[in-house]
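Chain residues, written in single-letter form:
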Amino acid sequence: NHGKVFDYLAYGYKTSNDETFFKDINELKPAHNIIIRGKEMKILKFWDFKSGEEKINDNNKSKLSFLLEDSVKLRFRSDVPVSILLSGGLDSSIIASIADELIESEEINNKQVTAYSAVFPGFKFDESGIISEFLKSCNHIKSVHIIPDFENLPDSVNDFVYGMGEPVFNTTSFAHYCLMKEIKKENVKVVMNGQGTDEAWCGYEKYILGYYLLDLLISSPQKFLSEMKNFNKKKIYSYKYILSQTVKAIISRRYSSYLRSAYREKIFGCLSGDFTKMNYSYFKNPVYKKFSSGNLSGYLKNNIQYQGFNQILHYEDHSSMLNSIEMRSPFIDYRIMEFAFEIPSEEKLGNGITKKILREVFKEKLPESIINNKQKIGFVTPFEKNFIEQSRMKQFLDDLMNSDSFKSKTIFDTGKIKKIFGEKKSYPEFPFWRIINLELWSQVYNIKNL
């Protein structure tokens, strides 16, 4: 499916538009069912976000606390022990804290819950210290640190690519796959994670602050400049970056993606003219009112349902199930998702602080190192920046670039791409992984029309 391939190569996108990377093979859109009766088939939508207005309510904090506790409790229903994926971040720490309290109050039968953490000794973003500090406050959480082995990529990459089914957007997916393989060795069958908070409760402010500021410019202009100053001071974003993100919120999603692809990543110029011309309009711009005060909410809902979040759920579901592990995500409980959009955006983001209400609800239960850590970096591993520089990978990439399959590609300029791979330091933001993943995917699935 050339449209899907174009969106992936040019922008790194995998949208939920009911198509897949395989032509004429479709998938259900989020919150849809196929119902078959006799020879009749219907596709029906069974859930959507409520369309009501955001409401200020004094009970929002207590309601959120109740919903989260109930959601975690429900996901402990199992015939086998349930474990937790624990990082040093806010989301998984909330889940572990709730689990510890549920055991203490005997609301679940477990006497202990094991928390698995990926750690990277000596790495700049290693979170083992924060994890250890948090666990001091837990009486019933057993901590297990795992150091994922990324050295075996050339040996396992084809199995990984085939198992993912479709190309995935970055190397984090392989890191998660490695983590699941290690957890499988512990005979774990069910794990909980903290996915869903960033998308619903305003976590990745670098991507959303433009939409938030645009809302303020329309509804509360007097707050616009003060919030710009807050993000500049507390998040160390330059005013130039903040203003560029606000402009990005105004222009079309497709055009802003094109600008990133062409001038920052510098991959757009590698794609063939015919391939670009035929597929440039494949990506459909999200439809929500740009000049209302609901830009942030519209952007988040679109990401959750149709773009962005599905990429994370895709690779986590595949990498866990490839290792016979079931993944459960308490924050994606539909009640919590609905509630996230019933409260004002200012309760989630403001004064340069992300996930405000979550931090306020759990500030007495989590250490300051977690509550006051406002810089969202995601699941960062040593593998992400260095994978193409590893000695074994260099030979692997040489073989890949010189393969008959790669040389036969007409959708991009293979000579230009080989040159870029040979001058990696001159192209720090080039999406090397997307080229590698697409080529490997085309080989393991025997795709010939690229």
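Conventions we followed
Residues numbered from 1 in each chain as written. Predicted model: local features only at pLDDT ≥ 70, side-chain atom pairs only at ≥ 80, totals over all residues. Heavy atoms only, no water. Salt bridge = Lys/Arg side-chain N within 4 Å of Asp/Glu carboxyl O. Helix = DSSP H or I, 4+ residues; strand = E, 2+ residues; numbered from the N terminus. Buried < 20%, exposed > 50% of the residue type's maximum accessible area, 1.4 Å probe, protein only. Pairing = 2+ DSSP bridges. Axes fitted to C-alpha atoms, helices over the stretch in contact; angles between N-to-C directions. Contact = heavy atoms within 4.5 Å. Expected span 1.5 Å × (residues − 1). Right-handed = clockwise from strand over helix to strand, strands pointing away.

Draft legend 1. Region of the structure containing the pattern of salt bridges. A full pass over the atoms with the stated rule returns 21 salt bridges. Residue Lys50 pairs with Glu342 through a salt bridge whose shortest N-O separation is 3.5 Å. With Lys50 in the loop between β2 (40-45) and α2 (60-74) and Glu342 in the loop between α15 (334-340) and α16 (356-361), this pair connects stretches of sequence that are 292 residues apart. According to the relative accessible area criterion, Glu342 is partly exposed, its value standing at 24%. One salt bridge connects Glu265 with Arg260, and the closest N-O pair in it is separated by 3.1 Å.

Draft legend 2. Inspection of the sheet that holds strand β3 (residues 82-85) at higher detail. Strands sit in the order β5-β4-β3-β6-β7 across an open sheet of five strands; the sheet is parallel. Only two strands of the sheet have a single partner each, and these edge strands are β5 (141-146) and β7 (326-328). Direction aside, neighbouring strands of the sheet carry axes that sit 30° apart on average. Of the strands in this sheet, β3, β4 (113-118), β5, β6 (190-192) and β7 are in contact with helix α6 (residues 172-184), which crosses β3 at around 145°.

Draft legend 3. Just helix α22 (residues 432-444), in detail. Taking 1.5 Å per residue as the helical rise, α22 with its 13 residues ought to reach 18 Å, and the 19 Å between its terminal C-alpha atoms agrees with that figure. Burial analysis of α22 places eleven of its 13 residues in the buried class, which makes it a mostly covered element. Along α22, the residues classified as buried are Phe432, Trp433, Arg434, Ile435, Ile436, Asn437, Leu438, Glu439, Leu440, Trp441 and Ser442. At the exit of α22 stands Asn446, carrying a positive phi of roughly 60°.

Draft legend 4. Quick look at the pairing of β4. Counting buried positions over the six residues of β4 gives six, a clear majority of the element. Here β4 shows no split at all, with Val113, Ala115 and Ser117 on one side and Thr114, Tyr116 and Ala118 on the other all buried. One ladder, built from two bridges, connects β3 with β4; its direction is parallel. Note on β4: the bridge partner recorded for Ile84 is Ala115. In terms of handedness, the path from β3 via helix α3 (residues 90-104) over to β4 forms a crossover that is right-handed. Judged from the six bridges that link them, β4 and β5 form a sheet pairing that is parallel. Across the sheet, Tyr116 pairs through a bridge with Val144, a residue of β5. Taken together, β4, helix α4 (residues 128-135) and β5 constitute a β-α-β crossover, and its handedness is right-handed.

Draft legend 5. Region of the structure containing helix α11 (residues 253-265). Among the residues of α11, Arg253, Arg254, Ser256, Ser257, Tyr258, Arg260, Ser261, Ala262 and Glu265 are the ones counted as buried. Residues of α11 that are buried make contact with α1 (2-11), α8 (205-219), α10 (239-250), α13 (295-305) and α22. Positive backbone phi, approximately 65°, marks Lys266, located one or two places after α11.

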